[in-house]
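Structural characterization, general
The primary structure of each chain is shown beneath.
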Amino acid sequence: MLSAQIRLHLGTLDLDATIEAAQDEIVALLGPNGAGKTTFLRAVAGLVRSDRARVVLDDVVLEDTDLGVRVPTERRPIGIVFQQHLLFPHLTVLENVAFGLQARHRRDARVAAARWLERVGLGKYANARPSALSGGEAQRVALARALAIDPRLLLLDEPLSALDATARVEVRRELRRHLASFSGARLLVTHDPLEAAALADRLVILESGRVVQSGPVDEVTRHPRSRFVADLVGVNLLRGRAESGVIAVEGGQQITALDADDGEVFAVIHPRSVAIHRVHPEGTPRNVWRGTVRSVDLIGERARVAIGGSLPIVAEVTASSVRDLDLREHAEVWLSVKAAEVGVYPA
Amino acid sequence: MTSEPIPRPFAILAGLAAALFLLPLVGLLVRFPFADAVGALTSPEIVTAAWLSVVTSLSATALSIVLGVPLAIVYARAQFRGLRVIRALTTLPMVLPPVVGGVALLVAFGRRGLVGQFLDSAFGIRIPFTTAAAVLAATFVAMPFLVLTVEAGLRSMDRRYEEAARSLGADRWTVFRRVTLPLVAPSLYAGAVLCWARALGEFGATITFAGNVPGSTQTLPLAVYLALETRPDAAIALSLVLLLLSLIVLVALRDRYLPTT
């Protein structure tokens, strides 16, 4: 069980985040570049100094700035897999895996290291230099090296992002197998939602140094609470104040929704639910407003149309409607969304 | 490979520049006493001087490694007030006239020097005009080459390897011994060879601070200078030997100073 509370300033980054990971849990720390994900990981490992921190792992206080406790990195039972494998180039593959065990003066270091190499399926490379390995193989060795010291916490910093597509699939499979068999908390930093969804039980979304959302993968994707997640999932996210089923959205526009409880809410509108018209639409839709086309992106038979105006939104329509409606940049259009298509949940 | 046309004035000046270096080398080869080379090189005083040069230059290199590597680490990684000034002052011997270095050493470690008089009165240690003085003089002029080279290596190395080592449980000493040092080994090697070459050729500071005592401070460059008066053949033969040594150094460091294209 990991509980890490980190506050620090580094350059323009203002990081203030608390993340917990249960014993049997794989937590993915997801967020845009520069959000502070890697810095958070490095602070947990003690590789950067925090302004204020409290890091507790399995009831052992590794760092508490209030109490003046700070266990140095080399004495924290934490294994790290870095983005670029960082295998020592002057040592053989086996010596790399044995490094941590030798640092602990384990007599059977080389034997245990050889066993770990076999477990990641790379025993035949024991005497090779890391430079002889492919990117995927090197990352598997790096995983074996981190696991060989029998850590209580495994930190993975974008472990797949430096790999090409083929190697990524191979290492992800290997990673999932070893993450599953590892008995300790696991914290994975990534900016790739697929990687997070494939490997993690729970997502923590970090933006600009703050945790903006946390929860099981499907819960987070169903109810985005930040622009970043909404963009990942591909939906429109609005925030506003609901009163008697009408949401006053930031910017002045009003949206009618069914089942909206009063108070601060998020509203999610799927792009496919946004209809585009050239004239004011007749009929039932409750939400109708005007806008100007900003861009049109054709993706096969479908098109994503970004529309600006009092309520900026993205609509997804068929390629043929783009032709029929003559949608192009600066075109003036009417938009409509049925009240039943607006998903609302408390902010 | 086709050559780019070079303007004629540049070609002429460049030819003059090359001649400035090549003619003396040709001179050494032409005047080399082939008939009596072995005799000139194996005379007792030359052998003594050569042996002393080997001892002093290697001692100076060893001393430079032991003291210079920690100094390079401080320069590459520490931050404190006055660091830049100290760094500049310790680099000074690279551009200082060696004889000035010799005088400065004498003022510091001479019998009446700042530290020398204390060493003499307290321990009875007198450094000037001993082999120790020759080693000290050579170290003084040569160590900056090693320090700057190692410092550059430390600055350009990827420090994340050290972080990886620490995360694997290595304490500072283990990180230094098993990661930092091997990763800067090419720089250390290059710095040590440069340092040794400079120490081997040291003349000015040595003759000023250590004197010219056969067997204890008369190194090869001093012997060459002396022999030029009495036995020019030996001087020429010795010069060619030293030149070949320098050539070997240059080849050993070819990745660093000779373009490979």
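Residues numbered from 1 in each chain as written. Chains lettered and ligands numbered in written order. Predicted model: local features only at pLDDT ≥ 70, side-chain atom pairs only at ≥ 80, totals over all residues.

1. As for the overall build of chain B
Note the threshold: Secondary structure elements follow DSSP: runs of H or I no shorter than four residues count as helices, runs of E no shorter than two count as strands, and numbering proceeds from the N terminus. Residues are called buried when their C-beta atom has 20 or more other C-beta atoms within 10 Å, exposed when it has 12 or fewer, and partly exposed otherwise; all C-beta atoms are positioned from the backbone. Contact between two residues is assigned when their C-beta atoms, built from the backbone, lie within 7 Å.
The secondary structure content of chain B amounts to 13 helices and 0 strands. Overall, chain B shows an N-to-C arrangement of helices and strands of α-α-α-α-α-α-α-α-α-α-α-α-α. Seen through its principal axes, chain B has C-alpha atoms that stretch 70 × 65 × 35 Å. Burial statistics for chain B: of 261 residues in total, 36% are counted as buried. At a minimum sequence separation of 6, the contacts of chain B that also span at least 24 residues come to 76%.

2. Some details on the overall build of chain A
Within chain A, the regular secondary structure consists of 9 helices and 21 strands. Seen through its principal axes, chain A has C-alpha atoms that stretch 80 × 50 × 35 Å. The proportion of buried residues among the 347 residues of chain A is 41%. Of all intrachain contacts in chain A linking residues separated by at least 6 positions in sequence, the fraction that spans at least 24 positions is 63%.

3. Some details on the domain arrangement of chain A
Residue and element names in this part refer to chain A. How we decide: Just so you know, the domain bounds were taken from an automatic or database domain assignment. Only Asp, Glu, Lys and Arg are considered charged, only Ala, Val, Leu, Ile, Met, Phe, Trp, Tyr, Cys and Pro nonpolar, and every remaining residue, Gly among them, polar.
The domains assigned to chain A are domain 1 (2–229) and domain 2 (234–346). Here domain 1 and domain 2 have C-alpha centroids that lie 40 Å from each other. Residue composition of the side of domain 1 that touches domain 2, by class: 1 nonpolar, 1 polar and 2 charged.

4. Observations regarding the sheet that holds strand S8 (residues 153–157) of chain A
Residue and element names in this part refer to chain A. Heads up, the condition is: At least two bridges found by DSSP between two strands is the condition for calling them paired. The convention used is that axes are lines fitted to C-alpha atoms, helices contributing only their stretch in contact, and that angles between N-to-C directions extend from 0 to 180 degrees.
Read across the sheet, 6 strands follow the order S7-S8-S9-S3-S10-S11 without closing on themselves; strand pairing throughout is mixed. The open sheet has two edge strands with one neighbour each: strand S7 (78–81) and strand S11 (210–216). Here the average twist between neighbouring strands, direction ignored, is 20°. Where S7 and S8 come together, 4 bridges link them in parallel fashion.

5. Some thoughts on the nonpolar core
Here is a general trend for soluble globular proteins: nonpolar side chains tend to be buried in one another's company. Definition in use: Linking buried Ala, Val, Leu, Ile, Met, Phe, Trp, Tyr and Cys residues through C-beta atoms within 7 Å yields a set, and such a set is a nonpolar core.
Counting residues in each nonpolar core, the largest one holds 123 residues, and the members touching the most others are Val27(A), Leu29(A), Val97(A), Leu155(A), Leu188(A) and Ala137(B). Among the elements that take part in this core, helix H7 (residues 131–156) of chain B stands out by supplying 16 residues, more than any other. Not counting residues up to four positions away in its chain, the partners in contact with Val97(A) are Ala113(A), Trp116(A), Leu117(A), Val141(A), Ala144(A), Arg145(A) and Ala148(A). Grouped together as the second largest cluster of nonpolar side chains are 24 residues, Ala257(A), Ile307(A), Ala315(A) and Val342(A) included.

6. Some words on the interface of chain B and chain A
One frequent convention defines the size of an interface as the accessible area lost when the parts assemble. Taken together, the contact between chain B and chain A spans 15 residues of the former and 16 residues of the latter. Looking at the side of chain B that touches chain A, the elements with two or more residues in it are helix H8 (160–167) and helix H9 (172–201) of chain B. Tallying contributions element by element places H8(B) first for the side of chain B that touches chain A, with 7 residues. Of the residues assigned to the side of chain B that touches chain A, the class counts are 8 nonpolar, 3 polar and 4 charged.

7. With respect to the sheet that holds strand S4 (residues 52–57) of chain A
All names here are of chain A. Read across the open sheet, the 5 strands follow the order S2-S1-S4-S5-S6; overall the sheet is antiparallel. The open sheet has two edge strands with one neighbour each: strand S2 (13–21) and strand S6 (69–70). Across the sheet, helix H1 (residues 37–45) lies against strand S1 (2–10), S2 and S4, angled at about 115° from S1, the strand it touches most.

8. Let's talk about the packing of H8(B) against H9(B)
Residue and element names in this part refer to chain B. Our working definition: Note on angle classes: values under 35 degrees are labelled roughly parallel, values over 145 roughly antiparallel, values of 65 to 115 roughly perpendicular, and the remainder oblique. Helix crossings are classified by the rotation of the near helix relative to the far one: an anticlockwise turn of less than a right angle makes the crossing left-handed, while a clockwise turn makes it right-handed.
It is at 10 Å that the axes of H8 and H9 come closest, and there the two elements cross at 160°. Put simply, H8 runs roughly antiparallel to H9. In this structure, H8 meets H9 at a crossing whose hand is right-handed. Where H8 abuts H9, its residues Tyr 161, Glu 162, Ala 165 and Arg 166 lie against Val 175, Arg 178, Val 179, Thr 180 and Leu 183. When the residues that make up the contact of H8 with H9 are grouped by side-chain class, the tally is 5 nonpolar, 1 polar and 3 charged.

9. Quick look at unusual backbone geometry
Despite not being glycine, His330(A) shows a phi value in the positive range, around 75°. Judged by the 8 C-beta atoms lying within 10 Å of it, His330(A) falls in the exposed class. Its identity is not glycine, yet Phe129(B) carries a phi of approximately 65°, on the positive side. Mapped onto the fold, Phe129(B) is located in the loop between helix H6 (116–123) and H7. By the C-beta count within 10 Å, which is 17 here, Phe129(B) ends up partly exposed.

10. Notes on the environment of Val249(A)
All names here are of chain A. Secondary-structure assignment places Val 249 in strand S13 (residues 246–249). Spatially, the C-alpha atoms of Val 249 and Ala 267 are 9.0 Å apart, while their sequence positions differ by 18 residues. Here Val 249 is in contact with Leu 238, Gly 240, Gln 254, Ile 255 and Leu 311, once residues within four sequence places are set aside.

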